[in-house]
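# Summary of structural features
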Amino acid sequence: MTDRLENSGKWGGYLEVSAEEITLGEPLTMSAVVFGAPIEGFTYNYGWSRNGSWEPGEWETTFARTGARTRQTSYTFTPPKAGKYMLYLDFVDENGLQLTIQRPVTVIDAEIMRADTEELPDVPGDDVIISVRDVSMIFNMASEQFNSLKEYAIALARGELRFKEFRALNHINFDIRRGESFGLVGTNGSGKSTMLKIIAGVLDASEGSCTVRGTIAPLIELGAGFDMELTAAENIYLNGSLLGYRKEFIDEHFDDIVAFAELEEFMDMPLKNYSSGMVARIAFAVATITEPDILIVDETLSVGDFLFQRKCEQRIQELVDSKNVTVLLVSHSIELVERICQRVCWIEKGQQRMIGPVDKVCAAYKSLSE
Amino acid sequence: MAKEIEQSLTGEAMAPAASDAWYPTRQRDVYIIRQLVTRDFKLKYRRSTLGVAWSVLNPLLMMAVMAAVFSQFMAQRDPTIGNYPLYLILGNTAFTLMNDATSQGMRSIIDASSLLKKVKINRYVFPVQKVLFAVLNYVFSLVAVAIVMLFFHVLPTAHALLLPVPVALLAVFCIGLALLLSTASVFFRDVIHLWSVVITAWTYATPLFYSTNILPAWMVRLELFNPMYHYVTFIRDVMLWHQLPALSTVLGCIVCAAISLAIGIVVFRKNERKFILYI
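Residues numbered from 1 in each chain as written. Chains lettered and ligands numbered in written order. Predicted model: local features only at pLDDT ≥ 70, side-chain atom pairs only at ≥ 80, totals over all residues.

### Concerning the overall build of chain B
Each helix and strand counted, chain B has 13 helices and zero strands in total. Reading chain B from its N end, one meets helices and strands in the order α-α-α-α-α-α-α-α-α-α-α-α-α. Dimensions along the principal axes, computed over C-alpha positions, put chain B at roughly 75 × 50 × 40 Å. Buried positions account for 38% of the 279 residues belonging to chain B. Here the contacts in chain B between residues at least 6 apart in sequence split such that 79% fall between residues at least 24 apart. (Helix = DSSP H or I, 4+ residues; strand = E, 2+ residues; numbered from the N terminus. Buried ≥ 20, exposed ≤ 12 C-beta atoms within 10 Å, placed from the backbone. Contact = placed C-beta atoms within 7 Å.)

In structure tokens:
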């Protein structure tokens with residue numbers, strides 16, 4: 001008898017799937033791949049579970065169905081519902097030693113998705129304030145990172161300067177109308193911040209066009225438009241100037257900003273003595289003291305305490321109700337999006353998944369992203 | 001009465017019309033630069049007891065040490081040099097202006113990275129602001145120059161009124177360099193280290209504590225290609241030697257400023273859109 005350690009050093013395996021993402025109704029094939037040993041020498045157990053559930057109907061294994069492991073090296077099934085699936089495969093060799101591999105696969109309900117793509121006119125209407133047309137963002141990732149002239153020169157001389165293309169956004173299309181509250185959702189790294197940067201005008205899209213009509217007020221986070229050594233009052237002016245406010249305008253609304261941020265007693269204290277929540281309050285107060293055409297709200301908002309977050313939400317709601325301000329919310333907190341937004345665009349791995357009313361998109365997003 | 005009306009007007013404007021709140025682009029940049037210079041000023045002098053006095057003391061102390069060491073030597077080698085301490089401090093302060101402006105301007109884009117990732121601001125404001133801040137500090141250091149002039153009874157003549165000309169040209173020269181260096185340092189961080197070496201070499205290559213009269217002829221010809229030589233000479237002409245600068249000096253200052261600014265603007269413009277990918 002050999003022990004497990006020695007044995008697992010001798011052979012290994014992995015699970016191959018026909019696709020990492022399929023639409024509902026399509027079959028999915030799992031295949032076993034073994035290395036270091038002949039594939040015939042194994043028995044297998046294929047299994048899956050939907051959304052991490054072990055309720056009846058939500059999971060299945062070949063062992064549970066037939067009562068024995070199979071010698072088949074691949075197994076095909078049709079997922080019954082949309083959702084996040086986890087696929088399992090047990091490899092068992094003739095000594096009874098077992099290796100289990102799991103792999104996630106997403107099953108999308110194409111009917112829901114199709115129902116909520118929007119037909120966009122070629123020329124956006126008059127009430128459209130942000131118009132995103134066929135926007136793609138391609139990053140050229142240097143296969144190596146050059147931070148020094150020497151490395152760069154050597155690579156250049158050797159002709160080894162290679163670039164990998166990385167598509168952070170792929171043909172994104174949407175219109176945002178004046179006075180609308182619009183949300184961008186997606187998991188981390190899905191490309192929503194890239195989209196936001198393109199709208200904010202700090203990043204140029206590689207392809208397509210993004211037209212923005214009007215002034216944009218972003219919430220500037222700690223460490224960007226704020227200086228820790230300056231007092232809160234000085235920071236209000238600095239921050240306001242960076243947003244493009246007139247000096248007289250800041251003078252005039254200084255008290256309103258302070259009152260909204262609820263920091264009257266602390267105005268002459270250097271910012272480094274503030275908590276991050278207090279800074280977030282100032283940032284929010286400065287950005288929302290007037291009615292910008294477009295207010296960009298991102299994760300910065302989540303720093304403040306519960307009461308202040310509620311106050312911010314109220315203010316955002318007021319701005320939305322005024323019908324003059326377009327609120328663009330970017331968050332992976334789906335609850336916040338559900339409370340504030342009317343319409344949502346879901347971006348996943350750079351692809352535009354779905355766009356439409358908040359309840360539909362968020363329901364679909366939640367069913368697939370948990 | 002008039003005040004009341006005014007108040008009721010502003011009271012009505014509680015929900016301010018958007019057009020009142022924002023500057024048009026050009027004015028906006030000016031106000032941002034002003035705010036940033038104010039910030040730097042406050043940061044530099046806050047919580048230091050002597051505050052702005054450091055801008056005066058620093059060049060005075062430098063001058064005192066260098067004058068003590070080199071006075072005897074330079075007086076023998078070149079009697080035409082004039083008041084040597086004043087010669088020193090005029091050169092040193094001008095060179096410090098260039099050093100501060102370019103070194104800080106170079107880092108300005110990298111330092112503003114988190115802001116540039118979020119807000120659409122014309123990127124040139126950051127290097128330009130650092131140069132203007134350096135000019136502001138130069139103005140304070142002129143107090144030190146005045147102290148030296150008083151101490152040695154060197155009274156300024158009408159020529160001194162021309163001082164803003166070389167300083168402005170030097171500032172333009174520095175803006176060009178700051179634009180160029182800030183662009184280069186975004187892509188290659190080692191430019192920052194390289195530049196400190198260049199500055200050190202440049203300090204010795206510029207007649208700050210020696211005069212060109214003690215240099216061999218080939219070195220003197222080479223100095224014509226040293227922009228700082230022209231700026232320092234212009235400043236000394238009007239402040240120390242009480243004479244109008246030679247035409248070649250004035251031209252040298254103008255040409256260097258123009259070339260530097262042109263290269264700076266072209267390089268910056270061409271690359272600024274790519275900054276965000278590297279910061």
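### What to know about the sheet that holds strand β4 (residues 43-50) of chain A
Pairing between the strands of a sheet comes from backbone hydrogen bonds, and it takes one of two forms, parallel or antiparallel. All names here are of chain A. Reading across the sheet, the five strands line up as β2-β8-β7-β4-β5 and stay open at both edges, with mixed pairing between neighbours. Of all strands in the sheet, those bounded by a partner on one side alone are β2 (21-23) and β5 (59-61). Direction aside, the axes of adjacent strands within the sheet are offset by 20° on average. Bridge count for strand β7 (residues 83-92) against strand β8 (residues 98-108) is ten bridges, and the pairing is antiparallel. Pairing of K84 across the sheet is with T106, part of β8. (Pairing = 2+ DSSP bridges. Axes fitted to C-alpha atoms, helices over the stretch in contact; angles between N-to-C directions.)

### A word on the domain arrangement of chain A
Domain parsing of chain A yields domain 1 (4-108) and domain 2 (175-369). The C-alpha centroid of domain 2 of chain A is placed 44 Å from the C-alpha centroid of domain 1 of chain A. (Domains from an automatic or database assignment.)

### Some remarks on the environment of A:D127
Residues and elements named next belong to chain A. Here D127 lies in the loop between α3 (110-115) and β9 (128-142). The sequence separation of D127 and R213 amounts to 86 residues, and the corresponding C-alpha distance is 9.9 Å. Ignoring sequence-local partners within four residues, the contact set of D127 consists of R177 and R178.

### A short note on the environment of B:V267
Residue and element names in this part refer to chain B. Turning to its location among the elements, V267 is positioned in helix α12 (residues 247-271). Separated by 88 residues in sequence, V267 and L179 have C-alpha atoms that sit 7.7 Å apart. Residue contacts for V267: discarding those within four places in its chain leaves L179, L180 and T183.

### Considerations on the nonpolar core
Counting residues in each nonpolar core, the largest one holds 159 residues, and the members touching the most others are A:I282, A:L295, A:L328 and B:C174. Counting contributing residues per domain, this core is built from domain 1 (4-108) and domain 2 (175-369) of chain A, each supplying no fewer than three. Discounting chain neighbours no more than four positions away, the residues touching B:C174 are B:M98, B:A101, B:T102, B:V131 and B:A134. (Core = buried A, V, L, I, M, F, W, Y, C linked by C-beta atoms within 7 Å.)

### So, unusual backbone geometry
In this structure, A:N51 is a non-glycine residue whose phi angle is positive, near 50°. Tracing the backbone through its elements, the reader meets A:N51 in the loop between β4 and β5. The phi dihedral of B:H153 is positive, around 55°, even though this residue is not glycine. Structurally, B:H153 can be placed in the loop between α7 (125-151) and α8 (164-187). On the basis of neighbour count, B:H153 is assigned to the exposed category, with 7 C-beta atoms found within 10 Å.

### Description of the interface of chain A and chain B
The interface is formed by 35 residues belonging to chain A together with 30 residues belonging to chain B. Looking at the side of chain A that touches chain B, the elements with two or more residues in it are α4 (149-158), α5 (192-200), β13 (216-218), α6 (232-243) and α7 (247-261) of chain A.

### Notes on the sheet that holds strand β1 (residues 12-17) of chain A
Residues and elements named next belong to chain A. Spatial ordering of the open sheet is given by β1-β3-β6, a layout of three strands whose pairing is antiparallel. The two strands at the open ends of the sheet, each matched to only one other strand, are β1 and β6 (74-77). Sheet twist, expressed as the mean angle between neighbouring strand axes with direction ignored, is 15°. Note: strand β3 (residues 28-35) against β6, four bridges, orientation antiparallel. Residue S31 lies in a different strand from β6, and its bridge partner there is S74.

### Here we look at the confidence of the model for chain B
All names here are of chain B. Model confidence for chain B is summarised by a mean pLDDT of 90, while 93% of its residues fall at 70 or above. The low-confidence segment residues 1-18, where pLDDT is below 50, has eight contacts with residues more than four positions distant or belonging to other chains. Interface predicted TM-score (ipTM) for the complex: 0.82; the corresponding pTM is 0.81. (pLDDT = per-residue confidence, 0-100.)

### Quick word on the pairing of strand β14 (residues 294-297) of chain A
All names here are of chain A. The two faces of β14 match: I294 and I296 on one face and L295 and V297 on the other face are all buried. Note that β13 and β14 share three bridges and pair parallel. Pairing of I216 across the sheet is with I294, part of β14. Relative to strand β15 (residues 326-330), β14 runs parallel, the two being bridged by four bridges. The residue bridging I296 from the neighbouring strand is L328, located in β15.

### Brief notes about the packing of helix α4 (residues 53-77) of chain B against helix α5 (residues 84-111) of chain B
Residue and element names in this part refer to chain B. At a minimum axis distance of 9 Å, the contact between α4 and α5 shows a crossing angle of 130°. The angle between α4 and α5 places the two elements in the oblique class. Our pair here, α4 against α5, has a crossing hand that is right-handed. Seen from α4, the contacting residues are P59, M62, M63, M66, A67, S71, M74 and A75; seen from α5, they are Y84, P85, L88, I89, N92 and T93. Split by residue class, the contact of α4 with α5 holds eleven nonpolar, three polar and no charged. (Parallel < 35°, antiparallel > 145°, perpendicular 65-115°, else oblique. Left-handed = near helix turned anticlockwise from the far one by under 90°. Nonpolar A, V, L, I, M, F, W, Y, C, P; charged D, E, K, R; others polar.)

### Some details on the pairing of β8(A)
All names here are of chain A. In the sheet, β2 pairs with β8 via three bridges, with the strands oriented parallel. Note on β8: the bridge partner recorded for T23 is I108. If you look at the hairpin formed by β7 and β8, you'll find five residues sitting between the two strands, and G96 has a positive phi there, around 85°.

### Remarks on the confidence of the model for chain A
For chain A, per-residue confidence averages 83 on the pLDDT scale, and residues scoring 70 or more make up 90% of the total. Taken as a whole, residues 1-6 of chain A scores under 50 in pLDDT and shows two contacts with residues more than four places along the chain or in a different chain.

### Some thoughts on α8(B)
An α-helical turn contains 3.6 residues, so a residue and the one three or four places further along point in the same direction. Here α8(B) contains 24 residues, and its C-alpha end-to-end distance of 35 Å stays within 8% of the 34 Å for a straight helix at 1.5 Å per residue. Where burial is concerned, most of α8(B) is hidden: 17 out of the 24 residues are buried. (Expected span 1.5 Å × (residues − 1).)

### Quick look at the packing of α7(B) against α8(B)
Residues and elements named next belong to chain B. For the pair α7 and α8, interaxial distance at closest approach is 9 Å and the crossing angle is 145°. Pair α7 / α8 crosses with right-handed handedness. In this structure, α7 contributes P127, V128, K130, V131, A134, V135 and Y138 to the contact, and α8 contributes V167, A171, C174, I175, A178, L179 and S182. Each residue belonging to the contact of α7 with α8 can be placed in one class, and the counts come to twelve nonpolar, one polar and one charged.

### A word on the environment of B:M66
All names here are of chain B. As for its position among the elements, M66 is in helix α4. In this structure, the C-alpha to C-alpha distance between M66 and P85, residues 19 residues apart in sequence, is 8.3 Å. If sequence neighbours within four positions are ignored, M66 has contacts with L88 and F209.

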